[in-house]
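For reference, the chains in residue letters:
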Amino acid sequence: MIPRYLVDMNLDDIPVVEKDVIVIGAGIAGLFTAIRASERGSVLMVTKKSLMDSNTRYAQGGIAAVISDEDKPEFHLQDTLIAGAGLCDEDAVGVLVHEGPKGVRSLIGMGTQFDLENGEFALTKEGAHSQRRILHANGDATGYEIVRALSEKAVATEGIEVWDDHFAIDLITRDGECCGALVQKPDGSRVFVRGKATILCTGGTGQMYRYTTNPEVATGDGVAMAYRAGAYIRDMEFIQFHPTTLCYPGAPRFLISEAVRGEGAVLRNIHGERFMERYHPQLELAPRDVVANAIVSELEMTGATFVYLDVTHESEEMVRHRFPTIYETCLQYGLDLTTDWIPVAPAAHYTMGGVRTDLNGETNIRRLFACGEVSSTGVHGANRLASNSLSEAIVFGRRIIHRISELPPLEGDVHVREELDSHSAISRQAVVEKRLKLQKVMVRYIGLRRSSDSLAKGLAELKRQLPFFSTVMSKREDFEFANLLTNAMLTAESAAVREESRGAHYRVDFPQRDDIQWRKHTVLHRVQGMTEEAVHYAAVR
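This write-up is about the structure you can find in this document. (Residues numbered from 1 in each chain as written. Predicted model: local features only at pLDDT ≥ 70, side-chain atom pairs only at ≥ 80, totals over all residues. Heavy atoms only, no water.)

## Thoughts on a nonpolar patch on the surface
Taken together, the side chains of Ile108, Leu116 and Phe121 make up a nonpolar region of the molecular surface, amounting to roughly 250 Å² of accessible area. As for its position among the elements, Leu116 is in strand S5 (residues 116-117). (Patch = residues over 30% accessible without salt bridge, like charges linked within 9 Å, V, L, I, M, F, W, Y side chains within 5 Å. Areas by Shrake-Rupley, 256 points an atom, 1.4 Å probe, with all protein chains shown as cover. Salt bridge = Lys/Arg side-chain N within 4 Å of Asp/Glu carboxyl O. Helix = DSSP H or I, 4+ residues; strand = E, 2+ residues; numbered from the N terminus.)

Okay, structure coming up:
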């Protein structure tokens, strides 16, 4: 069994730092909530690397919000529900689509500069959106622009203290409420950070997979910490694989934004044939799970390792202006987006599941909140609609801060003493090797296509790694591997239970969607195990 805490501790013997709000992580979720929380009290941001290291930084497409006069919240809601394949919480989606425009205005007020055309926001369209509602910045560098603006504001805000290169090891709980976190400093010493509220903004779990668009920091730390603390973890089987990442010798799995297809790019197999018409009426702009599975089908039929993304029929001026980052990156590897077909293949991109929260971002553990990709608000269902993630972070971030303002101060002493039966006698294969082996197991057995047999083999391989929890952990890479292993187990167990195909979860042995048996969530708890939860629908549209 995965232990409650990863390290020995006695809170009476280590230093204590008091803050009103503790934000663990960065990205749009961490930065936005920290800035808003600082308006009402003191804030500590704990980042294991820096404010600029997060999934948000690499977001290309943009942020979805109803801005155009031709668009309506009802259209955005319907698009989100369709993409979510029957598992969206309709109330949560309603919150997103109605409060999203206000959130965008907040970002602009904090210094974010979105692209304009003729004095109005330049809006693009992405997969499964019925309207042009995607705001972007610097063409295809939306995430970087948001992080730049919010980081500058956070650093300049007097009420925010930032701890770079610090690692939050575990959440500290007392009588069903979160009192803060145990944090390791760069020199290896530890401190108990205590606060009225703790917000997890740690991002996703992409580093479970060998091929991912996520940076190295995306190791699922928040999900694993929350799971150990007793939070409910929901829908971990739904891992979104982005259909189009650069697949070229010597190049990283660089994301080729969905917006490229939104601006007219088409997909061709190794024989040069356009193929999406065989899979979905929306062609290249079908939901991401549909496009990713279509590509895998083409790879299997042709024996290739990639398909082509072709935007050569569009003007060179448009391509270079609209996608400068993608254009320059491809050029580094001898690929010209304006004249060459770009080899692409799916890679792990986004975690739909996560720490279950209510509509105010609060978990079942009092004073513990989750925001952004680490959370499961109910917005994304079984398959996230493109560019809804950045919107979700600011909409629910604002709600979290409002809820925190209603909380009374944390009172009383917190005494936690943990003595683990840890020892270093167990074989300590290099953690980097263990991590690589885990990533390969996830790709081979618990990837884009799954079966009862593959999932059983994958779980067996992962369970062989569980003795790692009995070793003495002291370094960031130790904690990260423990967290990755926890997330991998949760993903595999959830995938094995769901005997159907829905959204980003595809079972070759259960290829059909089963609304009678499986229109419900999977929920995992460290003590209670696996349970199921009904999907919530709004009573009135």
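## Regarding the sheet that holds strand S7 (residues 123-124)
Spatial ordering of the open sheet is given by S4-S8-S7, a layout of three strands whose pairing is antiparallel. Looking along the sheet, the strands with just one partner apiece sit at the ends: strand S4 (63-64) and S7. Sheet topology note: the S7/strand S8 (residues 134-135) ladder contains two bridges and is antiparallel. In the strand pairing of S8, Thr124 is matched with Ile134. (Pairing = 2+ DSSP bridges.)

## Some thoughts on the sheet that holds strand S15 (residues 266-268)
Within the open sheet, the four strands sit side by side as S14-S17-S16-S15. Their pairing is antiparallel. The sheet is open, and its two edges are formed by strand S14 (239-246) and S15, each paired on a single side. Going across the sheet, the axis of each strand differs from the next one's by a mean of 45°, ignoring polarity. Looking at chain direction, S15 and strand S16 (residues 307-310) are connected through three bridges and run antiparallel. Across the sheet, Arg268 pairs through a bridge with Tyr308, a residue of S16. (Axes fitted to C-alpha atoms, helices over the stretch in contact; angles between N-to-C directions.)

## Some details on the pattern of salt bridges
A complete count under the given rule lists 39 salt bridges for this structure. Glu177 is the salt-bridge partner of Arg367, the closest N and O atoms lying 3.0 Å from each other. Remark: Glu177 occurs in strand S11 (residues 177-184) and Arg367 occurs in the loop between strand S18 (354-356) and strand S19 (368-370); sequence separation between them is 190 residues. Here Arg367 and Glu177 have matching classes, each one buried. Linked through salt bridges whose partners overlap, the residues forming this network are Glu237, Arg498, Glu500, Arg502, Arg513 and Asp515. (Buried < 20%, exposed > 50% of the residue type's maximum accessible area, 1.4 Å probe, protein only.)

## Some remarks on the side chain of Asn483
Topologically, Asn483 is positioned in helix H13 (residues 476-497). In contact with Asn483, not counting residues within four places along its chain, are Leu6, Phe167, Thr219, Gly220, Asp221, Ala224 and Arg228. (Contact = heavy atoms within 4.5 Å.)

## A word on the packing of helix H2 (residues 73-83) against helix H3 (residues 90-109)
The contact between H2 and H3 brings their axes to 9 Å, and the two run at 135°. The angle between H2 and H3 falls in the class oblique. Seen from above, H2 lies across H3 with right-handed handedness. Contact with H2, carried on its side by Pro73, Glu74, His76, Leu77, Thr80 and Leu81, involves Glu90, Val93, Gly94, Val97 and His98 of H3 and no other residues of that element. Grouping the amino acids of the contact of H2 with H3 by side-chain chemistry returns five nonpolar, four polar and two charged. (Parallel < 35°, antiparallel > 145°, perpendicular 65-115°, else oblique. Left-handed = near helix turned anticlockwise from the far one by under 90°. Nonpolar A, V, L, I, M, F, W, Y, C, P; charged D, E, K, R; others polar.)

## Looking at the layout of surface pockets
There is about 410 Å³ of room inside the second largest pocket. The set of elements that each furnish at least two residues to the lining of the second largest pocket consists of H2 and helix H7 (288-302). Top contributing element to the lining of the second largest pocket by residue count: H7, with five residues. Counted by class, the lining of the second largest pocket contains nine nonpolar, nine polar and four charged residues. (1 Å grid on protein atoms, 1.4 Å probe; cavity = no way out; pocket = protein on both sides within 12 Å on 5 of 7 lines; lining within 4 Å. Points joined across faces, edges and corners; volume = space filled by probe spheres on them.)

## Structural notes on the nonpolar core
A general trend in soluble globular proteins is that nonpolar side chains are found buried together. Leu171, Ile172, Leu200 and Leu462 are the most contacted members of the largest nonpolar core, which has 72 residues in total. The greatest single-element share of this core, amounting to ten residues, is contributed by H13. Core analysis: the second largest hydrophobic core is formed by 39 residues, Phe32, Ala37, Cys201 and Ile394 among them. (Core = buried A, V, L, I, M, F, W, Y, C linked by side-chain atoms within 4.5 Å.)

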